[in-house]
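What follows is each chain in one-letter form.
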Amino acid sequence: MKWETQQVGGSHYTALKIQPLEYALENNLGICEHAVVKYVSRWKTKGGVEDLRKARHYIDILIEREIN
């Protein structure tokens, strides 16, 4: 079985057409960008508003690093 079709703990990623990790790897995203994609992709089916806050946290990190 390919890693893209496996998920440990839940189905919030396997229900997507493309998993956030696969997207991040194919597009050479950094860890913060990957986290944003991950949390925004799953917020409705897993973490709700908390996942949106997590995504915002990583966006804030990206903004801070870009400014400094």
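Here, the structure is the one placed above.
Keep in mind that this is a model prediction, so the values were computed, not measured. (Residues numbered from 1 in each chain as written. Predicted model: local features only at pLDDT ≥ 70, side-chain atom pairs only at ≥ 80, totals over all residues. Heavy atoms only, no water.)

1. Concerning the packing of aromatic side chains
Put simply, the test is: Note on aromatic pairs: the rings of Phe, Tyr and Trp (six-membered ring only in Trp) are paired at centre separations within 6.5 Å, and the planes decide the class, stacked below 30 degrees, edge-to-face beyond 60, tilted for the rest. A helix here means a DSSP run of H or I that spans at least four residues, while a strand means a run of E at least two residues long, and both kinds are numbered starting from the N terminus. Throughout, exposure labels follow a simple rule: accessible area from a 1.4 Å probe, protein chains only, divided by the maximum for the residue type, with under 20% read as buried, over 50% as exposed, and the rest as partly exposed.
The final tally for this structure, using the stated rule, is 1 aromatic pair. Centre to centre, the rings of tyrosine 39 and tyrosine 58 are 6.2 Å apart; their planes meet at 20°, and the pair counts as stacked. With a gap of 19 residues between them, tyrosine 39 in helix α2 (residues 31-42) and tyrosine 58 in helix α3 (residues 49-67) connect regions that are remote in the sequence. Given a relative accessible area of 10%, tyrosine 39 falls into the buried group.

2. Some details on α2
As a reminder of what qualifies: The span you would expect from a helix comes to 1.5 Å times its residue count less one. Throughout, a contact is declared for two residues whenever any of their heavy atoms are within 4.5 Å.
Between its first and last C-alpha atoms α2 spans 17 Å; for 12 residues at 1.5 Å apiece the expected length is 16 Å, and the two agree. Within the sequence span of α2, burial applies to Cys32, His34, Ala35, Val36, Tyr39 and Arg42. In this structure, the buried side of α2 is in contact with α1 (20-26) and α3.

3. Some words on the packing of α2 against α3
Describing two packed helices takes the angle between their axes plus the distance from one axis to the other. Which entries qualify depends on this criterion: Angles here are taken between N-to-C directions and fall from 0 to 180 degrees, while the axes themselves are lines fitted to C-alpha atoms, restricted in helices to the stretch in contact. Here roughly perpendicular refers to angles of 65 to 115 degrees, roughly parallel to angles under 35, roughly antiparallel to angles over 145, and oblique to all remaining angles. Left-handed describes a crossing in which the near helix is turned anticlockwise from the far one by less than a right angle; the clockwise case is right-handed.
Where α2 meets α3, the closest approach of the two axes is 8 Å, and the angle between their N-to-C directions is 160°. Judged on the interaxial angle alone, α3 and α2 are roughly antiparallel. In the crossing of α2 with α3, the sense of the turn from one axis to the other is left-handed. Listed contacts from α3 to Cys32, Glu33, Ala35, Val36, Tyr39, Val40 and Arg42 of α2 are Asp51, Lys54, Ala55, Tyr58, Ile59, Ile61 and Leu62.

4. Things to note about the environment of valine 40
Counting through the fold element by element, valine 40 comes out in helix α2. Sequence separation between valine 40 and alanine 55 is 15 residues; the distance between their C-alpha atoms is 6.5 Å.

5. Some words on a nonpolar patch on the surface
Keep this limit in mind: For patch detection, residues must exceed 30% relative accessible area and be free of salt bridges, and they are connected within 9 Å for like charges or within 5 Å for nonpolar side chains (Val, Leu, Ile, Met, Phe, Trp, Tyr). The accessible surface values rely on the Shrake-Rupley method and a 1.4 Å probe; as for residues, cover is taken only from the protein chains in view. Salt bridge, as applied in this entry: a Lys or Arg side-chain nitrogen positioned within 4 Å of an Asp or Glu carboxyl oxygen.
A grouping of Ile18, Tyr23 and Leu29 is seen on the molecular surface, where their side chains present a nonpolar patch of about 240 Å² in accessible area. Mapped onto the fold, tyrosine 23 is located in helix α1.

6. Section: unusual backbone geometry
The phi dihedral of asparagine 28 is positive, around 50°, even though this residue is not glycine. Positionally, asparagine 28 belongs in the loop between α1 and α2. Look at asparagine 28 and you get exposed, because its relative accessible area is 70%.

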